[in-house]
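Next come the chains, spelled out residue by residue.
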Amino acid sequence: MRWLGLTATIFLLACGTDSSKGPAVADEICDNLEDDDGDGFADCADDDCAGTPACPEICGDASDNDGDGAVDCDDTDCDGFCPEVCDDGRDNDGDGSTDCDDIDCNGFCPEICDDGRDNDGDGRLDCADEDCWGEGCAEACGDDADNDGDGLLDCDDPDCDGVCDEACDDGRDNDGDGRVDCEDADCDGSSTCPETCGDLRDNDGDGRVDCEDFDCNDACDADRDGYDAAALGGEDCDDTNAAINPGEDEVCDGIDNNCNTLIDQDDPLLDLLSLLPWHEDADDDGFGHPDVIVEYACSLPGPGLSSDPRDCDDLDDAIFPGAPEVCDGIDNDCDALTDDEDDSLDVTTTRPWYADADADGFGDDAIAVEACAPPEGFVADGSDCDDTDPSFSLPELWVADTDGDGFGAGAPEGPSCEPPADGWVREVLGEDCGTEDPAIYPGAPELCGDRIDSDCDGEDALTWFRDSDGDGFGDPRDAIVDCDAAPDGYVSDSLDCDDSSALIYPDAEELCDRRDGNCDGALPPDERDLDGDGVTPCEGDPDDADPEVFRPPCETLDDFEDGVWPNDRWTLREPGGALSMDCFEGEWCLEDPGWNYQTRPEFGEPGNTISARVRPNTLEGRAYIGFDADIFGTKSFVLAANSGEVQFQDNPGYGSVVLETAPVELEPGTWYLVEVQYIGGDSMEGRVFEEDGVTLVALLRHTYDELTGGGAAVRAFGGNTLDAMGVCY
């Protein structure tokens with residue numbers, strides 16, 4: 001090095017001068033190459049020249065040659081000639097690198113993490129040196145160090161994924177094969193991996209693969225039909241349907257039932273019993289004739305056939321199941337219901353029918369129903385002038401009633417349903433012969449001897465009408481004319497429509513006897529048997545629109561002392577009527593007109609009981625329940641509304657001898673329960689119950705001389721009605 005050459009020169013000069021010869025004779029001149037002062041040193045080698053501008057620093061002479069206070073390598077003038085000093089910020093050795101950038105400082109400097117050198121001399125370079133961890137270094141997998149400072153070492157660090165062995169429970173692709181955890185075959189047999197069904201691997205390491213593994217039972221045979229899914233190596237072509245597998249029969253349904261890839265008739269294993277019958281569809285409406293089968297096949301063999309055999313008319317393409325039901329008297333939709341019977345009726349095909357309350361054949365246009373056929377009490381003509389008066393149906397002529405007696409005279413107007421003005425009446429009612437006197441009109445009372453024809457019949461006399469039943473109303477067909485007082489049994493009123501019954505007269509109460517009780521010309525609605533089942537609503541029919549329902553509810557009378565109804569029954573619906581049937585044991589049989597006998601139960605054991613419901617409809621009506629049944633001598637339990645009592649009587653030849661009575665009031669039109677029980681010996685006991693089935697009305701006991709016949713009889717006449725008892729139906 002240069003500084004070594006300078007030192008040698010200085011050393012040689014010093015050896016050539018003998019300082020002991022005496023003091024110098026002149027000052028040293030520092031740039032003439034002479035030892036001017038004779039001290040053996042020339043120019044800058046002489047200490048006298050130290051610090052002069054002419055002298056550069058001489059590196060290695062331990063002198064501050066240039067006088068800057070820095071000696072040798074401490075002087076920057078020596079940079080490039082000195083060993084590198086690692087902390088002075090200078091390139092001491094002149095290699096272009098300063099301090100720790102200089103390789104000469106390795107082992108003395110802090111580690112620099114990206115220069116490929118072991119700066120701190122610990123034997124580790126850059127990111128291999130823990131001094132660099134967390135300073136932007138990538139994880140070095142396998143050095144047991146957290147190179148990137150994320151707290152994870154080597155294969156625990158996701159940065160090492162792709163170079164490490166697969167860890168089977170961390171959710172990472174550690175070995176970089178594109179499969180994570182148990183998806184990776186490297187994890188097969190791991191305790192963390194369940195069996196994956198269908199991947200052809202033994203994931204759980206139990207020696208069984210896919211469907212061989214019990215863990216795959218649900219996945220392999222999801223429909224539990226005993227066959228594994230084809231997708232998982234089995235034979236089941238549809239593991240969602242237990243009816244589809246290799247063990248099933250092939251049937252006609254458009255499905256490969258037995259998993260042999262052949263369907264329906266393409267499969268020689270087809271169950272022929274599953275072939276569908278194809279019926280002739282002559283009218284081509286999609287529904288076939290039920291009795292004409294043309295061919296058996298899985299699918300439609302050709303035109304004019306149908307697998308649906310429900311066509312009820314295969315010659316009419318407008319008649320088939322689901323067709324519109326219309327008013328034509330035909331079952332259009334093949335549901336066995338026609339027109340109004342069918343809930344699916346097309347109501348646009350119906351017509352209006354009008355209520356005919358007075359049964360005159362003309363209806364009220366304000367009360368109409370839409371139907372195919374007229375309901376009971378409805379008619380096609382809705383032009384009735386007054387639907388409460390059967391005599392006023394069509395428009396009529398009107399005359400003026402000037403005296404307000406309800407009858408008119410004079411020039412008529414009309415015809416119309418409404419009077420032309422107040423005070424006009426229908427001409428048909430009769431012509432008033434006294435238009436100024438309201439006491440003179442057709443049918444008015446006559447006053448004998450007043451020389452006035454009060455009733456407009458052309459005579460001055462009184463007309464009297466026979467009142468046979470004593471109800472105050474006479475028979476219009478039985479009349480006499482007399483100016484004297486009314487003869488016995490005659491009255492002036494002629495409006496009685498049934499002079500044989502005191503219960504029938506104008507404005508009388510209706511008694512549910514199927515007769516016009518109030519003489520208004522019509523039966524009350526509850527006395528009409530609209531469904532023709534033989535029972536009217538007031539007689540107990542709970543549904544008079546249904547002929548199959550005609551009995552009263554079972555709970556009417558069902559709670560008597562013994563709690564049991566007898567199984568035996570009878571029905572006499574017409575007063576005095578009788579059942580017409582042959583006589584068999586245990587049935588009611590006709591022995592004599594008006595009487596019915598029962599051969600069982602015999603009145604031979606104590607406790608035998610018979611019962612009947614009785615409804616008095618007239619005061620004179622009577623009902624008998626007879627025992628020891630001999631038509632020529634019967635002990636009878638008698639109910640009669642007009643007697644004011646209920647009694648036993650001897651009845652030889654229908655005679656009546658009162659044996660014992662109990663006071664009771666029987667109301668016409670009300671049902672009573674009669675029950676008679678054989679007590680024992682020659683005794684029987686009778687009871688009467690009101691409609692509530694609980695109240696005891698009468699208790700009768702009767703002992704007679706000898707019980708000879710056994711059995712019982714029942715008779716009703718004069719308006720009393722007996723009804724069936726003992727069975728709910």
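Heads up: the structure comes first, above all this text.
Read on for a plain summary of the structure. Keep in mind it's a predicted model, so treat the numbers as computed, not measured. (Residues numbered from 1 in each chain as written. Predicted model: local features only at pLDDT ≥ 70, side-chain atom pairs only at ≥ 80, totals over all residues. Heavy atoms only, no water.)

1. What about the overall build of the protein chain?
Step number 1: Each helix and strand in the protein chain was counted, giving two helices and 24 strands.
Step number 2: The contacts of the protein chain with a sequence gap of at least 6 include a subset with a gap of at least 24, amounting to 31%.
Step number 3: Surface summary for the protein chain: the accessible area is close to 37900 Å², and the carbon and sulfur share equals 51%. (Helix = DSSP H or I, 4+ residues; strand = E, 2+ residues; numbered from the N terminus. Contact = heavy atoms within 4.5 Å. Areas by Shrake-Rupley, 256 points an atom, 1.4 Å probe, with all protein chains shown as cover.)

2. A look at the state of the cysteines
Step number 1: Across all of its chains, the model carries 17 disulfides by this definition.
Step number 2: In this model Cys385 forms its disulfide with Cys417; the gap between the sulfur atoms is 1.8 Å. What sets the handedness of the Cys385 and Cys417 disulfide is the S-S torsion sign, and at about -60° it is left-handed. One end of the pair, Cys385, is in the loop between strand S6 (378-379) and strand S7 (396-400); the other, Cys417, is in the loop between strand S8 (409-416) and strand S9 (424-426), and 32 residues separate them in sequence.
Step number 3: We classify Cys385 as buried; its relative accessible area is 16%. (Disulfide = S-S within 2.5 Å. Buried < 20%, exposed > 50% of the residue type's maximum accessible area, 1.4 Å probe, protein only.)

3. Re the side chain of Arg201
Step number 1: Within the fold, Arg201 resides in the loop between helix H1 (2-15) and helix H2 (217-220).
Step number 2: Among the polar contacts made by the side chain of Arg201, one reaches the main-chain carbonyl oxygen of Cys182 at a distance of 2.9 Å.
Step number 3: The residues touching Arg201, leaving out its near neighbours within four places in the chain, are Cys182, Glu183, Asp184, Ala185, Asp188, Glu195, Val209 and Asp210. (Polar contact = N/O pair within 3.5 Å; in protein donor to acceptor, adjacent residues only side chain to side chain.)

4. Quick look at the pattern of salt bridges
Step number 1: For the structure shown, the criterion picks out seven salt bridges.
Step number 2: Among the ionic pairs, Glu396 bridges to Arg426, the shortest N-O distance being 3.3 Å. Taken together, the residues span a long stretch of sequence, with Glu396 in strand S7 and Arg426 in strand S9 at a distance of 30 residues.
Step number 3: What makes Arg426 buried here is its relative accessible area of 8%.
Step number 4: One salt bridge in this structure joins Asp478 and Arg466, with 2.7 Å as the shortest N-O distance. In this pair, Asp478 is assigned in the loop between strand S10 (463-466) and strand S11 (479-481) and Arg466 in strand S10, connecting sequence segments twelve residues apart.
Step number 5: We classify Asp478 as partly exposed; its relative accessible area is 27%. (Salt bridge = Lys/Arg side-chain N within 4 Å of Asp/Glu carboxyl O.)

5. Observations concerning the environment of Asp115
Step number 1: By the secondary structure assignment, Asp115 is in the loop between H1 and H2.
Step number 2: In the structure, Asp115 is positioned 14 residues away from Asp101 in sequence and 8.9 Å away in space, judged by C-alpha atoms.

6. Some words on the packing of aromatic side chains
For any two aromatic rings, the description comes down to two numbers: the centre-to-centre distance and the angle of the planes.
Step number 1: Tallied over the full model, the rule gives four aromatic pairs.
Step number 2: Centroid distance Phe287 to Phe320: 5.6 Å. Interplanar angle 10°. Geometry classified as stacked. Of this pair, Phe287 sits in the loop between strand S1 (276-280) and strand S2 (293-297) while Phe320 sits in the loop between strand S3 (305-306) and strand S4 (351-355), and the two are 33 residues apart along the sequence.
Step number 3: Its relative accessible area of 14% is what places Phe287 among the buried residues.
Step number 4: With a centroid separation of 5.9 Å and 75° between ring planes, the pair formed by Phe392 and Trp398 is classed as edge-to-face.
Step number 5: The class for Phe392 is buried, based on a relative accessible area of 7%.
Step number 6: On the basis of relative accessible area, Trp398 is assigned to the buried category, the value being 6%.
Step number 7: One Lys or Arg, Arg351, reaches over the ring of Trp353 and ends 4.4 Å from the middle of that ring. (Phe/Tyr/Trp six-rings, centres within 6.5 Å; stacked < 30°, edge-to-face > 60°. Lys NZ or Arg CZ within 6 Å of the ring centre and 35° of its normal.)

7. Observations regarding the sheet that holds S6
Step number 1: Reading across the sheet, the three strands line up as S5-S4-S6 and stay open at both edges, with antiparallel pairing between neighbours. Strand pairing shows two members of the sheet lacking a second neighbour, strand S5 (364-371) and S6, which therefore form its edges.
Step number 2: The pairing of S4 with S6 spans two bridges and is classified as antiparallel. Looking at S6, one finds that Ala355 is bridged to Phe378. (Pairing = 2+ DSSP bridges.)

8. Some points on the sheet that holds S7
Step number 1: Ordered by their spatial adjacency, three strands build an open sheet running S8-S7-S9, and the pairing between neighbours is antiparallel. Edge positions in the sheet fall to S8 and S9, since each of these pairs with one other strand and no more. Looking at each pair of strands side by side, their axes are set apart by 35° on average, direction ignored. (Axes fitted to C-alpha atoms, helices over the stretch in contact; angles between N-to-C directions.)

9. Side note on the pairing of S10
Step number 1: Alignment of S10 against S11, held across three bridges, turns out to be antiparallel. When the sheet's bridge partners are listed, Phe465 is paired in S11 with Ala479.
Step number 2: Bridge count for S10 against strand S12 (residues 490-491) is two bridges, and the pairing is antiparallel. Bridge pairing in S12 places Arg466 opposite Tyr490.

10. Notes on the pairing of S7
Step number 1: Relative to S8, S7 runs antiparallel, the two being bridged by three bridges. Bridging from a neighbouring strand, Glu396 pairs with Ser416 of S8.
Step number 2: Where S7 and S9 come together, three bridges link them in antiparallel fashion. Within S9, the residue paired with Val399 across the bridge is Val425.

11. Here's the deal with the environment of Asp285
Step number 1: Residue position: Asp285 is located in the loop between S1 and S2.
Step number 2: By relative accessible area, which is 14% here, Asp285 ends up buried.
Step number 3: Once the C-alpha coordinates of Asp285 and Ala323 are considered, the two residues, 38 residues apart in sequence, prove to be 9.9 Å apart.
Step number 4: What Asp285 contacts, discounting residues up to four positions off in sequence, is Asp311, Asp314, Asp316, Asp317, Ile319 and Phe320.
Step number 5: Polar contacts involving the side chain of Asp285 include one to the main-chain amide nitrogen of Phe287, which spans 3.0 Å.

12. Observations concerning unusual backbone geometry
Step number 1: In the segment running from Gly414 into Pro415, the intervening peptide bond is cis, with an omega of 5°.
Step number 2: Here Pro415 lies in strand S8.
Step number 3: With a phi close to 55°, Arg224 is a non-glycine residue in the positive phi region.
Step number 4: As for its placement among the helices and strands, Arg224 is situated in the loop between H2 and S1.
Step number 5: Among the residues examined, Arg224 registers a relative accessible area of 55% and is labelled exposed.
Step number 6: Even without glycine at this site, Thr261 takes up a positive phi of about 75°.
Step number 7: With respect to the element layout, Thr261 can be found in the loop between H2 and S1.
Step number 8: Of the residues examined, Thr261 reaches a relative accessible area of 67% and is grouped as exposed.

These values are about where atoms sit, not about what they do.
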